[in-house]
Amino acid sequence: MAEERIDSINTRNTSVQATATYQRNIFTTREGIHQELGSNITNLLFVTQENSPIGSTLPFVYEKGLWKVSSKFYKSLPKKATFDRLTRCSVVGNSGSLLHSNCGKHIDEADFVYRCNAAPLKPFAADAGTKSSLTSFNPSIFGKRYKGIAKQSSLKKFVSDMQQYHGYLWGACFSGRSTLDLCMKAISGYNIKENVFVLAHPYHYKSFHDYWIRRGKKKLPSTGFYYASDALSRCNETHLYGFWPFPRAFDDISSYNVSYHYFEKLENEWKEPHAMNIEFSILVQLHLLGVVKIHNGKCE
Ligand code: CTP
């Protein structure tokens, strides 16, 4: 399926419903986002010494309570986020539509590459690339993949697996106190030089969540959609790959099955909680307005 066919493909997909018309000049430029969310928004992507001085407090996202920044915690933080305005960004979603796309080189040509949920890199380099400037992970992987990092051996395995990523490894750790405790335990055993383990800033997520709520999008943003929103706030060009939250896709001749993830078969994940079809329809509208570029199908 050729890239430029995305518009006609989407009109044929009945799951994609137009939700609203998003006007480019109102909010989708970097300036528009900064005007609405504050000019400091780009510095809040993760917790730093600059944005979280000793004695300040940070809220948990899914439970009540505040985390007070102690001097020990403060010392463990990076000084500041060292990127602001970027020229070209790739945001890599995890859809199976990336398979056989040959987009790896294209993705890696960006100055900054966002990746979601610690998706494996090397075996998929041709289709998904290997550059990683910011890679998210949900601390639930400690339980799912690393036996709750209860033993030193599982912590070691976590640290070793994370060596494949460069730039920032961005943990959504402020969901609750016990999650943060686990992250702090992992950070204390984190001694690799390939990347910097950073903590997602709760105000940043909340700002973008509220931003989309004001536009009628009620459900929690998926990581990919959230990263695409962040990219709009700091990148001149935002390119999206691996965004196809549907079990079937079309080429010129027929339709074919698409797995939920490009790196594994996960049939039951299609009942996902984020309403990705709505997110996708928003992204398509932004694509049609020329604000983002969705790459679907083969990269030349
Ligand atoms: N995605 C997509 N189509 C899919 C799978 C994923 O468009 N078939 C996008 C979504 O924006 C998603 C991102 O790629 O957030 C990363 O995918 P995944 O790791 O599957 O995210 P989930 O675990 O489903 O959701 P979450 O956003 O909570 O991390």
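We now turn to the structure provided with this report. Please read these numbers as outputs of a predicted model, since none were measured by experiment.

1. Overview of the site of the ligand
Here's step 1: The ligand sits among 18 residues. The nearest are Asn 117, Thr 223, Tyr 260, His 261 and His 274.
Here's step 2: Between the ligand and Gly 224 there is a distance of 2.9 Å, counted from an oxygen atom to a backbone nitrogen or oxygen.
Here's step 3: Residue Tyr 260 places a side-chain N or O atom 2.6 Å away from an oxygen atom belonging to the ligand.
Here's step 4: Across the complex, the protein chains shield 88% of the 560 Å² of accessible surface that the ligand would expose by itself.
Here's step 5: More than half of the atoms of the ligand fall within 2 Å of the grid points belonging to the largest pocket.
Here's step 6: Element by element, the count of residues in the shell around the ligand is highest for helix H11 (residues 223-234), at 3 residues.
Here's step 7: Grouping the amino acids of the shell around the ligand by side-chain chemistry returns 8 nonpolar, 10 polar and no charged.

2. Points about the layout of surface pockets
Here's step 1: There is about 1300 Å³ of room inside the largest pocket.
Here's step 2: Surrounding the largest pocket, 50 residues form its lining, Asn 117, Asn 138, Thr 223, His 274 and Met 276 being those nearest its centre.
Here's step 3: When contributions to the lining of the largest pocket are tallied by element, the ones reaching two or more residues are strand S5 (134-137), helix H7 (140-145), helix H10 (202-213), H11 and helix H12 (276-288).
Here's step 4: Across the lining of the largest pocket, the residue classes break down as 27 nonpolar, 16 polar and 7 charged.
Here's step 5: As a volume, the second largest pocket reaches approximately 210 Å³.
Here's step 6: Lining the second largest pocket are 13 residues, and of these Ser 97, Leu 99, His 100, Ser 101 and Tyr 256 sit closest to its centre.
Here's step 7: Looking at the lining of the second largest pocket residue by residue, the class counts come to 4 nonpolar, 7 polar and 2 charged.

Reading the values: the criteria
Residues numbered from 1 in each chain as written. Predicted model: local features only at pLDDT ≥ 70, side-chain atom pairs only at ≥ 80, totals over all residues. Heavy atoms only, no water. Near = heavy atom within 4 Å. Polar contact = N/O pair within 3.5 Å; in protein donor to acceptor, adjacent residues only side chain to side chain. Areas by Shrake-Rupley, 256 points an atom, 1.4 Å probe, with all protein chains shown as cover. 1 Å grid on protein atoms, 1.4 Å probe; cavity = no way out; pocket = protein on both sides within 12 Å on 5 of 7 lines; lining within 4 Å. Sits in = over half its atoms within 2 Å of the grid points. Helix = DSSP H or I, 4+ residues; strand = E, 2+ residues; numbered from the N terminus. Nonpolar A, V, L, I, M, F, W, Y, C, P; charged D, E, K, R; others polar. Points joined across faces, edges and corners; volume = space filled by probe spheres on them.

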